[in-house]
Amino acid sequence: MEQEIEQLRARVRELEARCAEQQARPKIAQMSAEVKDSNPYSRLMALQRMKIVKNYEDIRKHTVAVVGVGGVGSVTAEMLTRCGIGKLILFDYDKVEMANMNRLFFQPHQAGLSKVEAAKNTLSFINPDVEIEAYSMDITTVSNYDTFKEVLSTHGLDGGKVSLVLGCVDNFGARMSINLACLELRQDWIESGVSENAVSGHVQFVSPGQTACFACAPPLVVATEVDERTLKREGVCAASLPTTMGVTAGLLVQNALKYLLKFGEVSPFLGYNALVDFFPRYPMKPNPTCDQSICRKCQEEYQARKALEPQVEEKKDELEPIVHEDTFGICIVDESAPTEDSTAVAPGLRHEYESAQHVVKAEDFVPTVTESLDDLLNALKGM
């Protein structure tokens, strides 16, 4: 009986997904900046007119892999889809649960579906122009790791590597798997996370050899050699706020867009403390003694590339003089220039009184006192 009920539920989900596909808008071949209510890209293309990006439509050339489609990853995938990313690759092995409903994106009727399939159905309806691949698997296993690495290296839109990897997982093992794969592929990625008390989050940009990898600065539980699995207890779960996860996802996607479309500056590390609304930002230099040998090798390769680059002298910005078209009748006199002698007379003439060559100042007047103080007092009394 229970098996039949589960089959009926699966059938309902399948029909709902088909209905969603039928109701989706038609695909748009080319992004348009035309301002009209039916254009889903008009406000995105306005970034060109405002000189924020050179060519926003370049976003369609990029492939982004989102690893972990939970509280942060699902919102990240939705933001990228609404931004019109060319291709999205999703990785997660978990299923949607009612316990996930305090977060954004997923809906109650999707409970029981794999997260990647539920996300693919929703995202395809939001923007059918985005190509989406979904992989329901645990990337930390040996066999799945090889598949994960192969997808990152060959499933880009051009048949090569993906443009960027976004890590949205919630455990150390998965982060280390992403870190290792990206080191081996020399692939840039951005790691993200939210604390277990739900009031802080962070994003960290990782470029192999140039910045710290995830193993260069491990979290405290790993640095102290504490097994992460022993921290979890039966009946106890981490706190979760959709606000903190939404903010973290926004910071993650904002930096991803800056990286892909080459505008602004990608933050090396950006934190978020929700209790005091504090956003610390600082660089993350690679650790020369990192435990990952592949990381140390990437550092050597980066230094070798940097040594071959021509030395470019920094140009000092010279301030150009400000020229006002309308002077409003105001004439500026340079007091540092020598002034002409306005007292000069024609040859053969002279002044009756010669002008003083010495300018008398107040301090030149020194009073001379010949009488004593007692004489002065007596003179005052006699007046």
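As shown above, the structure is provided for reference.
Residues numbered from 1 in each chain as written. Predicted model: local features only at pLDDT ≥ 70, side-chain atom pairs only at ≥ 80, totals over all residues. Heavy atoms only, no water.

Colleague: Requested: an account of the overall build of the protein, with residues and values cited.
Modeller: When helices and strands are tallied, the protein shows 10 helices and 7 strands. Counting the 383 residues in the protein, one finds 38% classified as buried. Put simply, of all contacts in the protein between residues at least 6 apart along the chain, 63% involve residues at least 24 apart. As displayed, the protein has an accessible area near 25,400 Å², and 54% of this comes from carbon and sulfur atoms. (Helix = DSSP H or I, 4+ residues; strand = E, 2+ residues; numbered from the N terminus. Buried < 20%, exposed > 50% of the residue type's maximum accessible area, 1.4 Å probe, protein only. Contact = heavy atoms within 4.5 Å. Areas by Shrake-Rupley, 256 points an atom, 1.4 Å probe, with all protein chains shown as cover.)

Colleague: Now, about the sheet that holds strand S6 (residues 200–206): what can you tell me, with residues and values included?
Modeller: Reading across from one edge, S3-S2-S1-S4-S5-S6-S7 is the order of the 7 strands in this open sheet, with mixed pairing throughout. Lying at the two open borders of the sheet, with one neighbouring strand each, are strand S3 (131–135) and strand S7 (269–273). Geometrically, the sheet is characterised by an average inter-axis angle of 15° between neighbouring strands, direction not taken into account. The sheet contact formed by strand S1 (residues 63–67) and strand S4 (residues 164–167) spans 4 bridges and is parallel. What sits directly across from Val67, in S4, is Gly167. (Pairing = 2+ DSSP bridges. Axes fitted to C-alpha atoms, helices over the stretch in contact; angles between N-to-C directions.)

Colleague: Describe the nonpolar core, with residues and values.
Modeller: One recurring pattern in soluble globular proteins: nonpolar side chains tend to sit buried together. By size, the foremost hydrophobic cluster in this structure holds 46 residues, and its most contacted members are Tyr56, Leu88, Leu90 and Leu166. If you tally residues by element for this core, the top one is helix H8 (residues 242–261), at 9 residues. Setting aside chain neighbours within four positions, we find Leu90 in contact with Val66, Val69, Ala77, Val116, Ala119, Lys120, Leu123, Ile132, Glu133, Ala134 and Tyr135. In terms of nonpolar packing, the next biggest core, distinct from the first, is built from 34 residues, Ile139, Val151, Cys182 and Leu185 among them. (Core = buried A, V, L, I, M, F, W, Y, C linked by side-chain atoms within 4.5 Å.)

Colleague: Summarise the side chain of His62; cite the residues concerned and give the values.
Modeller: For His62, the location among the structural elements is in the loop between helix H2 (42–49) and S1. Taking the relative accessible area as the measure of exposure, His62 reaches 16% and is therefore buried. Each residue touching His62, except ones within four places of it in the same chain, is listed here: Ile85, Gly86, Lys87, Leu157, Ser163 and Leu260.

Colleague: Pulling in residues and values, what's your account of the side chain of Asn179?
Modeller: Here Asn179 shows up in helix H6 (residues 172–185). Asn179 gets classed as buried once you look at its relative accessible area, which sits at 1%. Each residue touching Asn179, except ones within four places of it in the same chain, is listed here: Trp189, Cys213, Phe214 and Ala215.

Colleague: Talk me through unusual backbone geometry; I want residue IDs and the actual numbers.
Modeller: Phi at Lys51 takes a positive value of approximately 65°, unusual for a residue other than glycine. Assignment of secondary structure puts Lys51 in the loop between H2 and S1. Its identity is not glycine, yet Lys262 carries a phi of approximately 55°, on the positive side. Along the chain, Lys262 falls in the loop between H8 and S7.

Colleague: Quick rundown of the pairing of strand S5 (residues 189–194)? Include the residues and the values.
Modeller: For S5, a buried count of 5 out of 6 residues is recorded, marking the element as mostly surrounded by other parts of the structure. With 3 bridges joining them, S4 and S5 adopt parallel strand pairing. Residue pairing across strands places Val165 opposite Trp189, the latter belonging to S5. For the handedness criterion, the β-α-β arrangement of S4, H6 and S5 is classed as right-handed. Both S5 and S6 contribute to a ladder of 6 bridges, which runs antiparallel. The residue of S6 that forms the bridge with Ile190 is Phe205. The antiparallel pairing of S5 with S6 creates a hairpin that spans 5 residues between the two strands, and Ala198 there sits at a positive phi of about 70°. (Right-handed = clockwise from strand over helix to strand, strands pointing away.)

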